[in-house]
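# A look at the structure
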Amino acid sequence: AQSVTQLDSQVPVFEEAPVELRCNYSSSVSVYLFWYVQYPNQGLQLLLKYLSGSTLVESINGFEAEFNKSQTSFHLRKPSVHISDTAEYFCAVSDLGKGGKLIFGQGTELSVKP
Amino acid sequence: EAGVAQSPRYKIIEKRQSVAFWCNPISGHATLYWYQQILGQGPKLLIQFQNNGVVDDSQLPKDRFSAERLKGVDSTLKIQPAKLEDSAVYLCASSLGPEPGGELFFGEGSRLTVL
C-alpha cells in the first residue's frame, strides 16, 4: 500500500527566507507525485507535479520540487518566500496503475511572517 | 470556466441525525471523487466515480455513508446516522478522466460538525 509522510506539520519562516517542505513516500510500484496548496478559505489547487523526465519540476510562482527515487522523497523548496505563500501544502502520490486517485500526506502549514 | 461547486458550505447536526452534501463537477469531467479531511490530517478518499459507475469505494464506511452519481454529472454524499467522528470537511473533486497523473480540481468543501 502507498503512503505519504510530510515530516513537518508547521513551518514558520520570515519573508524572503528560503523554505523546504519535506515529503517522503512509500510505494512498491512506480508513482506520480504532486504538491497541492490550500490557501485560507479556498479549495486545494495543484502546485506542481512529477510524471516523468526531468526530476526537477517547477511551478509558476517560484516553487520547485525534486523527485529522488533512491530516497523516495519529493521535497518542495522556494529560495525566497512571500507573505502570500502562507497556506497549507499537501504532498500526494498516484499509483500509475490504479486510476487517478491521490493519496495525500498530512499537510504542512507554511506561515510566512513579515 | 466554473469550478467545482459544493453545498452546503457548513452544516451542524446532532449525532444520529442524517446529512447530505451535493457536488457539481466541472463540465465535461467524467471522474468525480469524494474525500474526507479530518482536522490535522490530509484528505482521505471515500469514493471515486467514473461517469455514473463506482471505481473505488474501498474506504467508504458503507454502514452509514452512501453516495450516488445517477446521471453521471452531479453527486450526493449522504451520512446516516452521523457519529461524532464524522466531523470533517468533505471535499469533492473532479478530473477529465481516471488516467493517473491528471489534475484533480477541488471544490471549497463542506464542513460538517457533529455534536
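That block above? That's the structure.
Below: a short report on this structure.

Our next topic: the overall build of chain B. Scanning chain B from terminus to terminus reveals 0 helices and 11 strands. Along chain B, from the amino end to the carboxyl end, the secondary structure elements read β-β-β-β-β-β-β-β-β-β-β. Projected onto the principal axes, the alpha-carbon positions of chain B cover approximately 40 × 25 × 25 Å. Per-residue burial over chain B gives 45% buried out of 115 residues. A separation of at least 24 residues holds for 54% of the contacts in chain B among residues at least 6 apart in sequence. The centroid of the 12 positive side-chain charges in chain B is displaced by 8 Å from the centroid of its 12 negative side-chain charges.

With 21 residues of chain B at the interface, the matching set in chain A holds 21 residues. Of the roughly 1,600 Å² buried between chain B and chain A, counting both surfaces, carbon and sulfur atoms make up 55%. The three residues of chain B that bury the most area against chain A are P100, G101 and F106 of chain B, which together make up 31% of that side's buried surface. Along the contact surface separating chain B from chain A lie 1 salt bridge. The residue K101 of chain A makes a salt bridge to D56 of chain B at a minimum N-O spacing of 2.6 Å. Taken together, the connections running from chain B to chain A amount to 4 residue pairs in polar contact (both at pLDDT 80 or more).

Moving on, we get to the sheet that holds strand β7 (residues 65-68) of chain B. Residue and element names in this part refer to chain B. The sheet built from 4 strands is open, its strands ordered β1-β3-β8-β7 with antiparallel pairing. Strands with a single pairing partner mark the edges of an open sheet, and in this sheet they are β1 (5-7) and β7. Sheet twist, expressed as the mean angle between neighbouring strand axes with direction ignored, is 15°. Strand direction decides the pairing type here: strand β3 (residues 19-24) and strand β8 (residues 75-79), joined by 5 bridges, are antiparallel. Bridged to A20 within β8 is K78.

Each value, and the rule that gives it
Residues numbered from 1 in each chain as written. Chains lettered and ligands numbered in written order. Predicted model: local features only at pLDDT ≥ 70, side-chain atom pairs only at ≥ 80, totals over all residues. Heavy atoms only, no water. Helix = DSSP H or I, 4+ residues; strand = E, 2+ residues; numbered from the N terminus. Buried < 20%, exposed > 50% of the residue type's maximum accessible area, 1.4 Å probe, protein only. Contact = heavy atoms within 4.5 Å. Lys, Arg positive; Asp, Glu negative; His and termini not counted. Charge placed at Lys NZ, Arg CZ, Asp CG, Glu CD. Buried area = accessible area lost by both parts, 1.4 Å probe. Salt bridge = Lys/Arg side-chain N within 4 Å of Asp/Glu carboxyl O. Polar contact = N/O pair within 3.5 Å; in protein donor to acceptor, adjacent residues only side chain to side chain. Pairing = 2+ DSSP bridges. Axes fitted to C-alpha atoms, helices over the stretch in contact; angles between N-to-C directions.

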